[in-house]
Each structure stands twice: as C-alpha cells, then as structure tokens.
Amino acid sequence: MIDHILGRPSNGWKRTEVILFSLLAISLIQKNGYEPPGPFRWLKKWNRVLSALPAWKIVLGTLTTSYIANHLFLLLFLNAPEPLARMYTRNFYRAAWIATALDAGFLTAHTIKPKFARDFFSVIFTVFYLFNFDKADAKLKKYHAAITVDMLRTSWNKKLNPYLQLAALGDTGILGIRKDILIQRPCNPPSPTAFQHEHVPFPPIKARIYFSGTEREYRRSTSLILQIPGGGFVAMPPLAHEDYVSIWARRTNVPIVSLDYDKAPERPYPWALEQCFDAYRAIVESNGEAIGMEGWYSDDDPDHYGRCKKKPIKIVMAGDSAGGNLCTATILKILDGSTGIELRLPNGLVIIYPAYTFDPACWLPNKHRALFRSASSMSAPLSSFVHTRATIKPENPFSLPPAPRSINVLNDKVDRTDTWYRRMWELLWGKMSSGPRIPSTLTMSSQMSYFTDLIMPPEIMRAISLLLLGTSPVPISFDTDYLLCPTVAPDELLARFPKIHFICGEKDPFVDDVIVFGEKVRLAKMKANKEWEKIRDYRDMVSPGGGSNNGGGPRRPSVSGSYEEDFLSMANINHLKDLPDHEFATHIFHHDPASMVQIKILEGVSHGFLLMLALLPEARPATHLCADWCTEMLEDQELCCSMMNPGSYTDLRAMSAVGQVVEDRTRILKAKVGQAGKVTRAETTAARLHQGSIHAENVLERRRTTLAETHDIS
C-alpha cells in the first residue's frame, strides 16, 4: 500500500512494506507473553478457546480462514466474469494451466545462479504455481508487460531443462541418427543479402538430423523433410522440438533436417529467411550432398565417370509458428525471382499455426471477410468457425460460443454435450438463454478476439515484432513486403505454390492469417486452373491428334475475352502454350485447387499444441497427422512432376541423359538453348549464374517492381 500512497508502483516499496510488517509482528510476539497486548485485548476470549486446541488445528484453521476470506466475493456471487470460461476444450485448458505454471516457475527462477540450481528451482516453483494458478497468471502478465529477450528465452526454452527432457524420453525415444551438422552456404554465386556490412563468406548454417535408419540408409535416401522450427524468431532451437520431430522421424522413416537458424534480435529480419533460403538451395543444388547424402552420384559408382545417375531428391518443408512463416517466405523468395537463382520447388508444405502478420488490427477488412465466406465451403469445422466469427449477440457482443468438451483431430468430430451439473442447474433454475447470434457488419480480428489467450497474449506478439524488426536493415512495409507478411503476396506467386496443408487451433490469435492466406492460394490456383483449361482446349483444337507442341511460333488461343484482363500475365500464357505435351499435362496449374490447399481447424485449441505432447491428448494425433501429410506428399509422383522448374540448374541435372558427361554448370545450362537461337529460360539462368552477388538495393527494387505490376500501389 505504501507504493500506492506515494503514487509510484514499485517492487522495492512493496518489499519494504512486507519487511516492516513482519518486523512489527515479530516484535509484538517477542515482547508479550500469553496475554495479547493492549490493542488486541478483545481477543482474550478467543485466546482461551484456542489454547485448548492442538497446534495443527490452529494452523489449519488459520489457513482455511485466510483462504475463505480471499474468496469471499466468489462465495457471495459478487465475483467478476471469468474470461476463460468455456474458451478452450477441457484437455487444452488443463494443458494451458500446466504450461502457465511452467512459465511462471521458470521466470521466477530465471535470475538464480548457477544453472543447476536454476534448473532445480524452476521445477520446484512450477509445482507451487500449479496450486496457485491465479498467482501464476498474474505474475506472467507482469513479466509480459516488460518482457526482455532473456525472459522470452527462459520461458520458451524450458524444454531444454534436464528434468523436462527426462520426462519426455518416452516421446524422443531412440533414433538411429540424431546429430548436429553444419550446412555450408552456397557461394557460386552467393545468394543476395541485405546484410552488406557482414563479413563474407557467411558462417555455415547449423542444423540437426533425425533419422530412424542407419548411416548407409541415410546417405542413400531419396527424400527428406526440411523442418524449420518455431520460437517467435528469438528462441527454441531444434532440441526444444525434439519430441514431436522424433515421432515424425519414426513414423515417416524419412530423414528430417531441422534448421537451427540464428535468432533475433542479434540477427534481425531478414537474416533467418536468408539462412533458410540458403539451406534449401544448398540441399537442392547438391541433391543432398550438403547434408551428408550421396548427392548427384550413387555410391555404386565411386569413380563417378562424370555421369549423372540420381534423380532429384524429394523434399517436403514443414514449420510451426515462426517456422511456418519462414517456410512460406522461402517459397515466395524462390518464386519471385528476386535472387536471380532458380530452384526446384518442394513437393509440398506442412504449415502449423503460422505467424503471417506483424501488424495487429482490430477489425477484419471487407476483402478478408469475403475470403472467410469463401473458405466456409471447404469443410464443416471451417463453416462453423466462419459463422461464429461473423455473428454476435447484441446484448453481449464480446461473448464467444462455448468450446466443445472434446474434439477428434482425425475426423473433426466434437462433443458438445452439457455436463451433468449444468443439466442439474437448468433443472433447478431453468434453462439459461443468452439470446440468438445475429449477423454482424463488423468482424473482429482473431488477435483482438482472443487477446486473453494464455499461450500467445498480445504483449508477446508486440515483443516479437520489435525484437525481429526493430534493427532490420531493410525498410519495413506490412502492406507490400510479402516475405515478411505472406498474406499480401500477389496472386501470380500464390498460383504457383506447391501443395500446402495447414493445421491451426480455432482460438489461436493467428488463425485469421491461416484462413486468409490459405484461401488466397486456393482462389489464385482456381484462376490459374481455368486459364490452363482454356489453353488445353486450344491445344486440343489445334493438335487433335495429340501431337507434341514444342514451340514453333506464337499462337494465341481464340477464347472469349482479352488476356490483358485475365489472371495470368502474357509471359506465363506464352510459356504454357509452348510447353511440350507431357510438361503441359503435369503443370502445377492442372491440379485441383481444393486438393492443393487444405486447412484443418481444431476447435477449442490455441497456439503451440504440438509442443504439448505430454500435456494434451489431442497433440499426439495432430503430430501423426502432420507426419502422414509429409509422407503423402513425398509419395505423390504427380507432385514430383509438377514441381519441375525447367531451366533451373537442378532440373537440368535431373533431365540430362544418363550417358551424357556432366560438365560445369554454365555449359549444362547453355546446352538447353533452342536450336533456332531463341533465348530460353535456361540461357537466362546461365547468364545469372555469372553475375555474382546481387546487392540488397537491387533485390528490393526488383521486388517493388513486381509488386507494382501485381498490386494497386499508389
């Protein structure tokens, strides 16, 4: 109370108040005997009554009285509404309760030294907060209000605690390979960078390998999962994700490369993105040799004889939270051509509760509301979610429909039955009616709707944005930089995206990003598919016998409407028209858009559920589902054909004849130039490979040019 009187909230004054009160109480106890002092003479009667009781009853009675006094308003029905009432499923609320206690315990102990004492007391304090959730929640809110990098890393890196690692042994289990490696960054030519002041060449990229097989099987693998772990761009190396990644490795029987990219604020945006791009480029261009695989040549041919014998390695990218952002941005960076380096695309993406927005808004814009309505037709959970977000109760506009009691991750079934005590309450007092939900002309964004979320509160999102972007060497634009905020990417790039699966919690503050981006990709692919069908019809009309189309001059399809008004640019139309029949038939535009984009929403669940394997029963089937998605994409041969990028170095290596001598990179690329002397994409790529490093200013200018052509930028 002293700090309130002085008008200066201070932990120092609160500490002083506690010490002074304690000293006063101790002084009264020492100076007075059996009889209470003057101000407390009225306690004489109670003194005689209590003197007949044993000590344990006195202690228990005192604690009980204190407990009742602290909850007196609750007992008198004078308490405030509970903001988390029925917000989560029961299982997720229990998991969030334990996670909150863990965060409070670890933050309470984060200043203790040495490390072994900090690790031990972190667990002890966690146990205390398990029985004092309100204290844990209040303490976290104070920490979050003035969060620092050390606090964030202490909270999010708690899985590195040896006691928690011991508890997770059942999930991490035993793998044939579990080791750290270094991936050398490509230097011929080096990738463009925004960090011109840094020492060149850049240090290698750290990564961790997970594989259930032997070393020989690893070297001969023909597929892999490139996993980019989340952690708010500031924390959580691969070791913090080891439990569910180990399950993936055993379930898929495919090597998993988990990148340990450098974290902010030491390495601000776009350093981590550049590392992810270079890691992917090194793996693709070396066909896995950069991570210890055979590469382009099989071990069966140790002398190589200068011949290419292996097919390109199949890759699926996966990422959660910040890792989902980096996965998506890496694909956009490959597609936009701003680096001057053409790469083969992965077979697909598995994106888990990604963070796509760093500019929190209160209301969804109308164009995003339209995307919500469009997405509602994709599945029943999405339809229910969109209906909930688009309606309100006039008398209580901030209320949310209650979460189901439980959910089934695999078949989307939910249990919405009432509990026995709710039915008893309604039997005694009548059915509680809160009025109907009616359509709303405003839709609040998920970041504002779920600002009371226990896992990802707004203070944490604010801290992440400042730490990642505060010292960035590039201008920050939330409206145009699609490598930072993929939801603003142009349709031209989204249409060429590989297959992508999303999974996210309904109560996740980032859930809007998932639906908006996923629906934008689906609609862009729908437009591209319609253009592909137009050109297919024209090709069928011109070549009814099914002859190959290998160029031979410009041809314009005679379809209604002008191509200037169509979705695709003229360059892409000409590119499609001139493709050989096989490449045209397997082009990425021919896929059904509904199968190329899938979104799974888990009702009553928030952020970070894959990190709750030991706490949340639904986390295990979600982990298995993500692993099965990866396997499905790797085994889909049609996707392998669609991801070909004619003219890129990796695909030229793959398409070269088995008996052809593989020469240096430039000669291979120039060998693909057409017989008529026409400048092809391969020749352009060959020229780019000799340009050397591209300055960051040129890269940014090229990206601005692309945006000006595809966006309405004033």
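The coordinates are above.
Here goes a summary of the coordinates provided. Remember, predicted model here, so these are calculated numbers, not experimental data.

Take the overall build of the protein next. In terms of regular secondary structure, the protein is built from 31 helices and 12 strands. Counting over 714 residues, the protein shows a buried share of 49%. A separation threshold of at least 6 residues defines the contact pool for the protein, and within that pool the share at least 24 residues apart is 79%. As displayed, the protein offers around 35000 Å² of accessible surface, 60% of which is attributable to carbon and sulfur atoms.

A full pass over the atoms with the stated rule returns 16 aromatic pairs. Taking the centre distance of 5.4 Å and the plane angle of 80° together, the rings of F120 and F121 count as edge-to-face. F121 sits in the partly exposed class, given a relative accessible area of 35%. Aromatic pair F128 and Y129: ring centres 5.1 Å apart, planes at 70°, arrangement edge-to-face. For Y129, a relative accessible area of 6% corresponds to the buried category.

Sheet architecture is open: eight strands sit in the order β1-β2-β4-β3-β5-β6-β11-β12, paired in mixed fashion. A strand with exactly one partner marks an edge of an open sheet, and here the two such strands are β1 (177-183) and β12 (597-602). The average undirected angle you get between the axes of adjacent strands in this sheet is 20°. With six bridges connecting them, strand β3 (residues 223-228) and strand β5 (residues 314-320) associate as parallel partners. Counterpart to I228 in the pairing with β5 is G319. Packed onto the sheet, helix α13 (residues 242-252) meets β1, β2 (205-211), β3, β4 (256-260), β5 and β6 (348-352) and runs at close to 50° relative to β2. Together, β3, β5, β6, β11 (499-505) and β12 form the strand contacts of helix α26 (residues 619-635), whose direction differs from that of β11 by roughly 175°.

Attention now goes to a positive patch on the surface. Taken together, the side chains of R41, K44, K45 and R48 define a basic patch exposed on the protein surface. Its location among the elements puts R48 in helix α3 (residues 44-51).

Within helix α16 (residues 366-375), burial applies to H368, R369, L371, F372 and A375. For α16, the angular spread of buried residues about the axis comes to 155°, placing them on one side. Facing away from the buried side of α16 by more than 90 degrees, the exposed set consists of N366, K367 and R373. Buried residues belonging to α16 abut α17 (380-389) and α22 (511-542).

Right, let's get into the pairing of β6. Counting buried positions along β6 gives five out of five residues, so the element sits mostly inside the fold. Neither face of β6 is open: one carries G348, V350 and I352, the other L349 and I351, and all of them are buried. Note that β5 and β6 share five bridges and pair parallel. Following the sheet pairing, A318 is matched in β6 by V350. Looking at chain direction, β6 and β11 are connected through five bridges and run parallel. The residue bridging I352 from the neighbouring strand is I503, located in β11.

We now examine the environment of G295. Along the chain, the position of G295 falls in the loop between α14 (271-285) and β5. Residue classification places G295 among the buried residues on the basis of a relative accessible area of 0%. When the C-alpha positions of G295 and E285 are compared, they lie 8.9 Å apart, and in sequence the two are 10 residues distant. For G295, the residues in contact, after removing those within four places along its chain, are S286, N287, E289 and K310.

Looking now at the pattern of salt bridges. When the charged atoms of two side chains with opposite charge come close together, those side chains can pair. Enumeration over the complete set of coordinates arrives at 24 salt bridges. Residues E266 and R153 are paired through a salt bridge, measuring 2.8 Å at the closest nitrogen-oxygen approach. Residue E266 is found in the loop between β4 and α14, and its partner R153 is found in helix α9 (residues 149-156); the two are separated by 113 residues along the sequence. R153 gets classed as partly exposed once you look at its relative accessible area, which sits at 21%. Here E294 and K310 are joined by a salt bridge, their closest N and O atoms 2.9 Å apart. Pair noted here: E294 is in the loop between α14 and β5 and K310 is in the loop between α14 and β5, with a separation of 16 residues, a long-range link. Classification of E294 by relative accessible area gives buried; the value is 7%.

Another aspect to go through is the packing of helix α6 (residues 90-108) against helix α7 (residues 115-130). Viewed as axis vectors pointing N to C, α6 and α7 meet at an angle of 135°, and their least axial separation amounts to 7 Å. Compared by their axis directions, α6 and α7 come out oblique. Our pair here, α6 against α7, has a crossing hand that is right-handed. On the side of α6, the interface is formed by W97, I98, A101, L102, A104, G105, F106 and T108, while α7 contributes S122, F125, T126, Y129 and L130. Residue composition of the contact of α6 with α7, grouped by class: nine nonpolar, four polar and no charged.

Here the focus is a nonpolar patch on the surface. A cluster of nonpolar side chains, namely Y67, I68, L72, F73, L75, L76 and L78, defines an oily patch on the protein surface of about 760 Å² accessible area. At the level of secondary structure, the elements contributing two or more residues to the nonpolar patch comprise α4 (55-70) and α5 (72-75). Among the elements that line the nonpolar patch, the one with the most residues is α5, at three residues. Assignment of secondary structure puts L75 in helix α5. Owing to a relative accessible area of 54%, L75 belongs among the exposed residues under this scheme.

Take the pairing of β5 next. One face of the sheet, then the other: side chains in a regular strand alternate in exactly this way. Of all the seven residues making up β5, seven are buried; the element is thus mostly covered by neighbouring parts of the structure. What you see with β5 is no split at all: K314, V316, A318 and D320 on one side and I315, M317 and G319 on the other are buried throughout.

Okay, the packing of α14 against helix α15 (residues 322-336) next. At a closest axis distance of 9 Å, the pairing of α14 and α15 adopts a crossing angle of 65°. One finds that α14 runs roughly perpendicular with respect to α15. When you trace α14 past α15, the crossing you get is right-handed. Judged by residue contacts, A272, L273, E274, C276, F277 and Y280 of α14 engage L326, A329, T330, K333 and I334 from α15. Partitioned by chemical class, the residues of the contact of α14 with α15 number eight nonpolar, one polar and two charged.

This paragraph deals with the nonpolar core. Counting residues in hydrophobic clusters, the biggest one holds 162 residues, and the most contacted among them are I183, F497 and F609. Look past the residues within four positions of F609 in its chain and what remains in contact with it is F92, I352, Y353, I503, C504, G505, L602, L616, A619 and A622.

Analysis parameters
- Residues numbered from 1 in each chain as written.
- Predicted model: local features only at pLDDT ≥ 70, side-chain atom pairs only at ≥ 80, totals over all residues.
- Heavy atoms only, no water.
- Helix = DSSP H or I, 4+ residues; strand = E, 2+ residues; numbered from the N terminus.
- Buried < 20%, exposed > 50% of the residue type's maximum accessible area, 1.4 Å probe, protein only.
- Contact = heavy atoms within 4.5 Å.
- Areas by Shrake-Rupley, 256 points an atom, 1.4 Å probe, with all protein chains shown as cover.
- Phe/Tyr/Trp six-rings, centres within 6.5 Å; stacked < 30°, edge-to-face > 60°.
- Pairing = 2+ DSSP bridges.
- Axes fitted to C-alpha atoms, helices over the stretch in contact; angles between N-to-C directions.
- Patch = residues over 30% accessible without salt bridge, like charges linked within 9 Å, V, L, I, M, F, W, Y side chains within 5 Å.
- Salt bridge = Lys/Arg side-chain N within 4 Å of Asp/Glu carboxyl O.
- Lys, Arg positive; Asp, Glu negative; His and termini not counted.
- Charge placed at Lys NZ, Arg CZ, Asp CG, Glu CD.
- Arc of directions from axis to C-beta.
- Parallel < 35°, antiparallel > 145°, perpendicular 65-115°, else oblique.
- Left-handed = near helix turned anticlockwise from the far one by under 90°.
- Nonpolar A, V, L, I, M, F, W, Y, C, P; charged D, E, K, R; others polar.
- Core = buried A, V, L, I, M, F, W, Y, C linked by side-chain atoms within 4.5 Å.

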